[in-house]
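# Tertiary structure, described
This is what each chain is made of:
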Amino acid sequence: MKNTIINLKNITKRFKVGDGEFTALNNINLNFQKGEFAGFVGPSGSGKTTLLNIIGSLDSPSEGQALVMGKDVAKLSHRESADLRNYHIGFIFQVYNLLPVYTVYENVEFALLLQNHTKAERHKMVMEALDWVGLTDLADKKPDRISGGEGQRVAIARAMVKRPEILIADEPTANLDAENAHIILKMMKRLNDELNTTFLFSTHDEKVMQYMERIVHLRDGEVEKDSIIVAEKDK
Amino acid sequence: MKLALQLAYKNLIGAGLRTWLNVAVLSFAFVIIIFFNGLMDGWNQQAKTDTIAWEIGFGHLRNDAYDPFDPFTLQDGHGKLPNTIENVSPVLIQQGTIYPEGRMVSVLLKGIETSQTVLEIPTDAFIKSTAKIPAIIGNRMAKSANLKVGDEVLLRWRDKNGTFDASNITIVSIFDTTVAGVDAGQIWLPLQTLWEITGLQNEATIAIANKNFVDASLDGWNFENRAVMLKNLDEIIEMKKISSSIMYLLLLAIALLAIFDTQVLSIFRRQKEIGTYIALGMTRAQVVKLFTIEGSLYSILAMIAGCIYGVPLFIYLGKTGIGMPQASQDMGISLADKIYPIVGVQLIVTTILLVTISATIVSFLPAKKISKMNPVLALKGKLQ
């Protein structure tokens, strides 16, 4: 049985631009259930990344309430929002954001270091995560020694190793060729099925949209359309 | 803390050449600071030891009318020591003139007991000598007057009545000392002889105390113990330390500036990394701590690097000493041909604390900017 883990109520986000203000999100109301595989789709400036940042507790709304795992992100202290990200949310970035001085293994292990696991536990979990993305052979390589596709797979392993409830992927295939993009997306879908993690994407890549079970179309900071693809397919 | 140390260490090692350049400069600062302080401490100890052995003994009992910094007091600054006084070696100081090779050289005549052992002055040479008026001089005096052992030189002096008299003296020994205060412009004579030629029988200007001397109030005499007499020396060394510290503080400032610069550049260049740390669940305070520790780790690495080449260097210098140029021997305080640096635990601990705390502070100053960073902008690598 699915339950709501993200509840966005009347979310509005404004940024100061010079003397004026720019409204990036305007009165957004959305709910996401555990295990959803959903994407925010829209042109540049439509508010996709801003919405993901609020859900990821990296930013807070100007108005409205964003409840993530039952916690109001606007009311969290620095430590509480760090804990929320540390234990419940994984991030995948467009340019992977791997830590350059660490090996693939250490990059994946990093997320666990913040959770006080023992070394043996960390080793087991890291190798399992690398196995999910098929990179156990590259564990000792530095990020500058692996390809872009492999780099993004490391980022997925890093995001998934702590088994978060929510995984946020901001344009995860933007820097990948078509073949690698499909590999990455299939991998994420498999993890979504196996681990029941909620995946939220921002994208304007058609390839990504094919895999979505739900697509939220954003335009000028507002929800233009919210489509449940699986439900339509089921019909 | 352990995690921050692990991460900071990895980040530093991963930064490669930039890290090692900073470490090299900082370790150089470490070694130079310790070296100069060690040199000063070595000099201080050598100067004190030599000054005690050659000049001060366990303190001086001075005639009230005598001021060692005023040559005009020599004429009247002497008197008979009380019979009750024990454990001192009297010294009578008078003015005189010698005429080596036809030149006229003013000297201080110092009469000392031939049997004294409290000072290193080789007075046993008087006993062995058969000369009418045997005299002992130091290297500096011998050099300036062009005198050597066996030479006779004309000495003129005034007796207690102010009458000039003159006689040849024979140089029976030339001693080598680092203490200019018993050497430059001075001629040592047997006390008995000086008494006889000046008519100042049983009189003394000062009396050198030995270890058994007990200070008691004596009318007309004033006792200055060893600590008081060394005060001037301490002050001179302290002043020299301060002047040399300017150099090593400049060096330290350069090293700290390099760390500060690296930190500022690092925080500017690694904004995405900072954003990633925060996205992965680190608090801003943890990231500030990480960057601060990275900066202070420079000092730890510098300490290790400094040990690798500094310890053998200090051991070597501690054994062989550092040669001092001949010209520097004539400066105001005792300076040996060689100075052996003393690198003590206190010096090392103080230097480590000074450098580590300074490095931590200059690392924290730019790092605290992270606490105000917007993680979203940091992830985009936007300048904040």
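Residues numbered from 1 in each chain as written. Chains lettered and ligands numbered in written order. Predicted model: local features only at pLDDT ≥ 70, side-chain atom pairs only at ≥ 80, totals over all residues. Heavy atoms only, no water.

Before going further, it helps to examine the packing of aromatic side chains. Going through the model one piece at a time under the given rule, you end up with 10 aromatic pairs over all chains. Here Phe32 of chain A and Phe40 of chain A contribute two aromatic rings whose centre-to-centre distance is 5.6 Å and whose plane-to-plane angle is 80°, an arrangement assigned as edge-to-face. The two residues Phe32 of chain A and Phe40 of chain A agree in class, both being buried. Centroid distance Phe91 of chain A to Phe93 of chain A: 5.8 Å. Interplanar angle 0°. Geometry classified as stacked. Of the two residues, Phe91 of chain A and Phe93 of chain A, neither departs from the other in class, the shared state being buried. Put simply, the rings of Phe37, Phe199 and Phe201 of chain A pair up and form one aromatic cluster. Positioned over the ring face of Phe32 of chain A is Arg214 of chain A, at 4.3 Å from the centre of the ring. Sitting over the ring of Phe58 of chain B, Arg226 of chain B keeps its end group 4.3 Å from the ring centre. (Phe/Tyr/Trp six-rings, centres within 6.5 Å; stacked < 30°, edge-to-face > 60°. Buried < 20%, exposed > 50% of the residue type's maximum accessible area, 1.4 Å probe, protein only. Lys NZ or Arg CZ within 6 Å of the ring centre and 35° of its normal.)

Let's shift gears to the pairing of strand β5 (residues 134-138) of chain B. All names here are of chain B. A large share of β5 lies buried, amounting to five of its five residues. Residues Pro134, Ile136 and Gly138 line one face of β5 and the alternating positions Ala135 and Ile137 line the opposite face, and both faces are buried. Where β5 and strand β7 (residues 164-175) come together, five bridges link them in parallel fashion. Paired with Ile136 across the bridge in β7 is Ser173. (Helix = DSSP H or I, 4+ residues; strand = E, 2+ residues; numbered from the N terminus. Pairing = 2+ DSSP bridges.)

Turning our attention to the packing of helix α3 (residues 104-113) of chain A against helix α4 (residues 119-132) of chain A. Residues and elements named next belong to chain A. Two elements in contact, α3 and α4, have axes separated by 9 Å at closest approach and are oriented at 125°. Between α3 and α4, the angle is such that the two are oblique. Handedness of the α3/α4 crossing: right-handed. On α4, the residues that touch Val104, Tyr105, Val108, Glu109, Leu112 and Leu113 of α3 are Arg122, His123, Met125, Val126, Met127, Ala129 and Leu130. Residue composition of the contact of α3 with α4, grouped by class: 10 nonpolar, one polar and two charged. (Axes fitted to C-alpha atoms, helices over the stretch in contact; angles between N-to-C directions. Parallel < 35°, antiparallel > 145°, perpendicular 65-115°, else oblique. Left-handed = near helix turned anticlockwise from the far one by under 90°. Contact = heavy atoms within 4.5 Å. Nonpolar A, V, L, I, M, F, W, Y, C, P; charged D, E, K, R; others polar.)

Glancing now at the pattern of salt bridges. All names here are of chain A. Evaluated as defined, the whole model comprises 21 salt bridges over all chains. For Lys207, the salt bridge goes to Asp205, with nearest N and O atoms at 3.3 Å. Overlapping salt bridges bring together Glu36, Arg214 and Asp226 as one network. (Salt bridge = Lys/Arg side-chain N within 4 Å of Asp/Glu carboxyl O.)

So, about the domain arrangement of chain B. Here chain B is partitioned into domain 1 (2-52 + 231-380) and domain 2 (59-212). For domain 1 of chain B and domain 2 of chain B, the distance between their C-alpha centroids amounts to 51 Å. (Domains from an automatic or database assignment.)

Looking now at a nonpolar patch on the surface. Residue and element names in this part refer to chain B. On the surface, Phe260, Val264, Val345, Val349, Leu353, Ile357, Ile361, Phe364 and Leu365 cluster together to form a nonpolar patch covering roughly 780 Å² of accessible area. When residues of the nonpolar patch are traced back to their parent elements, those giving at least two are α6 (226-269) and α9 (345-367). It is α9 that contributes the most residues to the nonpolar patch, seven residues altogether. Tracing the sequence through the fold places Ile361 in helix α9. (Patch = residues over 30% accessible without salt bridge, like charges linked within 9 Å, V, L, I, M, F, W, Y side chains within 5 Å. Areas by Shrake-Rupley, 256 points an atom, 1.4 Å probe, with all protein chains shown as cover.)

Residue and element names in this part refer to chain A. Read from one edge to the other, the open sheet built from four strands follows the order β2-β1-β4-β5, with strand pairing classed as antiparallel. Each edge of the open sheet is held by one strand with a lone partner, namely β2 (20-33) and β5 (71-72). Direction of pairing for strand β1 (residues 4-17) relative to strand β4 (residues 63-68): antiparallel, over a ladder of five bridges. Across the sheet, residue Ile6 finds its bridge partner in β4, namely Val68. In the packing of helix α1 (residues 48-55) onto the sheet, contacts are made with β1, β2 and β4, and the angle to β1 comes to roughly 125°.

Listed by partner, the interface residues are 22 residues for chain A and 20 residues for chain B. Buried area between chain A and chain B, summed over both chains or domains, comes out near 2100 Å², and the portion from carbon and sulfur atoms is 68%. Looking only at chain A, the three residues that lose the most surface to chain B are Leu58, Tyr102 and Leu114 of chain A, adding up to 23% of its buried area. Counting across the chain A and chain B interface gives one salt bridge. A salt bridge links Lys10 of chain B to Glu106 of chain A; the nearest nitrogen and oxygen atoms lie 2.4 Å apart. Inspection of the chain A/chain B interface yields four residue pairs in polar contact (both at pLDDT 80 or more). Taken together, the elements giving at least two residues each to the side of chain A that touches chain B come down to α2 (78-88) and α3 of chain A. (Buried area = accessible area lost by both parts, 1.4 Å probe. Polar contact = N/O pair within 3.5 Å; in protein donor to acceptor, adjacent residues only side chain to side chain.)

Turning our attention to helix α5 (residues 191-198) of chain B. Residues and elements named next belong to chain B. Taken across its eight residues, α5 has six buried, putting it largely inside the fold. What α5 keeps buried is the set Leu191, Thr193, Leu194, Trp195, Ile197 and Thr198. Next to the buried residues of α5 lie β3 (88-98), β4 (105-112), β6 (152-158), β8 (186-190) and β9 (203-204). Residue Gly199 follows α5 closely and has a positive phi angle near 80°.

It is worth spelling out the sheet that holds strand β8 (residues 198-203) of chain A at this point. Residue and element names in this part refer to chain A. Taken in spatial order, the six strands line up as β6-β7-β8-β3-β9-β10 in an open sheet, and their pairing is mixed. The open sheet has two edge strands, β6 (89-92) and β10 (222-228), and neither has a second partner. On average, adjacent strands in this sheet sit at an angle of 15° to one another, irrespective of strand direction. Pairing analysis gives five bridges linking strand β3 (residues 37-41) to β8, with the strands arranged parallel.

Counting 76 residues, the largest nonpolar core has Leu8, Phe40, Leu51, Ile55 and Phe110 of chain A together with Tyr277 and Phe291 of chain B as the members making the most contacts within it. Sorting elements by how many residues they give to this core places helix α8 (residues 284-320) of chain B first, with nine residues. Setting aside residues no more than four positions away along its own chain, Phe40 of chain A makes contact with Leu30, Phe32, Lys48, Leu51, Leu52, Ile55, Phe201, Ser202, Thr203, Val216 and Leu218 of chain A. Counting 43 residues, the second-largest nonpolar core is a separate cluster that includes Ala111, Leu185, Val208 and Met209 of chain A. (Core = buried A, V, L, I, M, F, W, Y, C linked by side-chain atoms within 4.5 Å.)

Within the secondary structure, Met239 of chain B is located in helix α6. For the pair Met239 of chain B and Trp43 of chain B, spaced 196 residues apart in sequence, the C-alpha separation works out to 13 Å.

This part takes up the pairing of strand β1 (residues 59-63) of chain B. All names here are of chain B. In terms of burial, β1 is a largely internal element, five of the five residues being buried. Every second residue of β1 is oriented toward a common face, with Gly59, Leu61 and Asn63 on one face and His60 and Arg62 on the other, all of them buried. Examined bridge by bridge, β1 and strand β11 (residues 221-225) share five bridges and lie antiparallel to one another. Counterpart to His60 in the pairing with β11 is Glu224.

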